[in-house]
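# Secondary and tertiary structure notes
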Amino acid sequence: MTLLVTVFAAIISTIIWYMNAPKSKMKLGSLCLMYWGASLMWFVDALFEYAKLGSGYFTPAPAEMLNDFYLGLSVAALGLIIWLVIVLIKDPKGVIKATLFKKVTTEGEA
Amino acid sequence: MACFIVPAAEAVITAIAGKIVRSKESVKEPLEVKLDGNKAETLEKVPFSRKLGWLNNMLWGGSALLAFEHLWHGEIIPHFPFLTAAGNAADTAEMLNEMSTVGVAMAVLVTAVWACMVGVTAAAEKKASKAESCVVGEEEQ
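Our subject in this report is the structure included herewith. (Residues numbered from 1 in each chain as written. Chains lettered and ligands numbered in written order. Predicted model: local features only at pLDDT ≥ 70, side-chain atom pairs only at ≥ 80, totals over all residues. Heavy atoms only, no water.)

Each helix and strand in chain B was counted, giving three helices and two strands. When the elements of chain B are put in sequence order from the N terminus, they spell out α-β-β-α-α. Looking at chain B as a whole, 31% of its 141 residues are labelled buried. Expressed as a percentage of contacts within chain B between residues at least 6 apart in sequence, the contacts between residues at least 24 apart total 69%. (Helix = DSSP H or I, 4+ residues; strand = E, 2+ residues; numbered from the N terminus. Buried < 20%, exposed > 50% of the residue type's maximum accessible area, 1.4 Å probe, protein only. Contact = heavy atoms within 4.5 Å.)

Below, the discussion takes up the environment of N97 of chain B. Along the polypeptide, N97 of chain B turns up in helix α3 (residues 89-140). Sequence spacing of N97 of chain B and M1 of chain B is 96 residues, and the spatial spacing of their C-alpha atoms is 9.8 Å.

Moving on, we get to a positive patch on the surface. Together, K27 and K90 of chain A together with K19 and R22 of chain B give the surface a local cluster of positive charge. Positionally, K19 of chain B belongs in helix α1 (residues 5-24). (Patch = residues over 30% accessible without salt bridge, like charges linked within 9 Å, V, L, I, M, F, W, Y side chains within 5 Å. Areas by Shrake-Rupley, 256 points an atom, 1.4 Å probe, with all protein chains shown as cover. Salt bridge = Lys/Arg side-chain N within 4 Å of Asp/Glu carboxyl O. Lys, Arg positive; Asp, Glu negative; His and termini not counted. Charge placed at Lys NZ, Arg CZ, Asp CG, Glu CD.)

Quick look at the interface of chain A and chain B now. Of the residues lining the interface, 21 residues belong to chain A; the matching set on chain B comes to 23 residues. Together, the buried faces of chain A and chain B total about 2000 Å²; carbon and sulfur atoms form 84% of this surface. Sorting the residues of chain A by area buried against chain B places L33, L40 and M41 of chain A first, and these three jointly supply 33% of that buried surface. Between chain A and chain B we count zero salt bridges in total. Of all the secondary-structure elements, those providing two or more residues to the side of chain A that touches chain B are α2 (28-53) and α3 (62-90) of chain A. The residue makeup of the side of chain A that touches chain B, split by class, is 15 nonpolar, five polar and one charged. (Buried area = accessible area lost by both parts, 1.4 Å probe. Nonpolar A, V, L, I, M, F, W, Y, C, P; charged D, E, K, R; others polar.)

Another point: the nonpolar core. Counting 40 residues, the largest nonpolar core has Y35 of chain A together with L65, L66, M106, V110 and W114 of chain B as the members making the most contacts within it. At the level of secondary structure, the elements contributing two or more residues to this core comprise α1 (2-20), α2 and α3 of chain A together with α2 (48-72) and α3 of chain B. Per-element tally for this core: the top contributor is α2 of chain A, with ten residues. Leave out the neighbours within four places in its chain, and W114 of chain B touches F48, K51, L52, W54, L55 and M58 of chain B. (Core = buried A, V, L, I, M, F, W, Y, C linked by side-chain atoms within 4.5 Å.)

Right, let's talk about unusual backbone geometry for a bit. The peptide bond linking A21 of chain A to P22 of chain A adopts the cis configuration, its omega dihedral lying at -5 degrees. Structurally, the position occupied by P22 of chain A is in the loop between α1 and α2. In this model, F80 of chain B is joined to P81 of chain B through a cis peptide bond whose omega is 5 degrees. Note that P81 of chain B resides in the loop between α2 and α3. A positive phi is found at F82 of chain B, a non-glycine position, where the angle reads about 70 degrees. Within the element layout of this structure, F82 of chain B appears in the loop between α2 and α3.

All names here are of chain B. Between α1 and α2, the shortest axis-to-axis distance is 9 Å and the interhelical angle comes to 155 degrees. Looking at the two axes, α1 sits roughly antiparallel to α2. As for the relative orientation of α1 and α2, their crossing is left-handed in sense. Of the residues in α2, those in contact with P7, A8, E10, A11, V12, T14, A15, A17, G18, V21 and R22 of α1 are F48, S49, L52, L55, N56, L59, W60 and S63. Residue composition of the contact of α1 with α2, grouped by class: twelve nonpolar, five polar and two charged. (Axes fitted to C-alpha atoms, helices over the stretch in contact; angles between N-to-C directions. Parallel < 35°, antiparallel > 145°, perpendicular 65-115°, else oblique. Left-handed = near helix turned anticlockwise from the far one by under 90°.)

This is the structure we're talking about:
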């Protein structure tokens, strides 16, 4: 379930990235790569688990599934938080700088 | 248990390699590409440091999100030895076994996917430069 939620997050973020590329400065590429990296890693984890459990891997207990779903949503939220921090630190549109530092007006301009 | 440590270690190496490569890259190679099918625009070839950045993002992002999963399952603790499996010898052996199998497989798969991305980019650049030489040839005739 965690793998599935992360894959959906990766697909949605990639579609949004494609719709806005190449002009977008919002660092959406980093978000996509982050989700895809996690999806690939969980895919490997799932393969090893499938090798251990066999077909039982596809029939998890409802409580376990719900826990994994919550985990998947939390992972997607954490990915968004990391991306938000990257955007705020790198400030590609200069919004933070513009907010923090106001332009000094000289006498001539005023 | 601690499989995310292997891709995280690779991420550290690629981050250092990326910084070294970036410091050595100075001249950006131009590439003429027809973006909308009509008007040719001169763009820059994707530098290798940026391509390494893709791998770095996948490895760091994946490791961070996997570390969170381990935290969720109580496999990471906020005090020494930080990994519950490092508490006794039997669990440590199991953890090392998982790192050498699952962890290495994760790092290999992510790197393989990145290599495919780099290959596709190189092929696209090659195709674009071929088209460019054809356009130049036609103009000379």
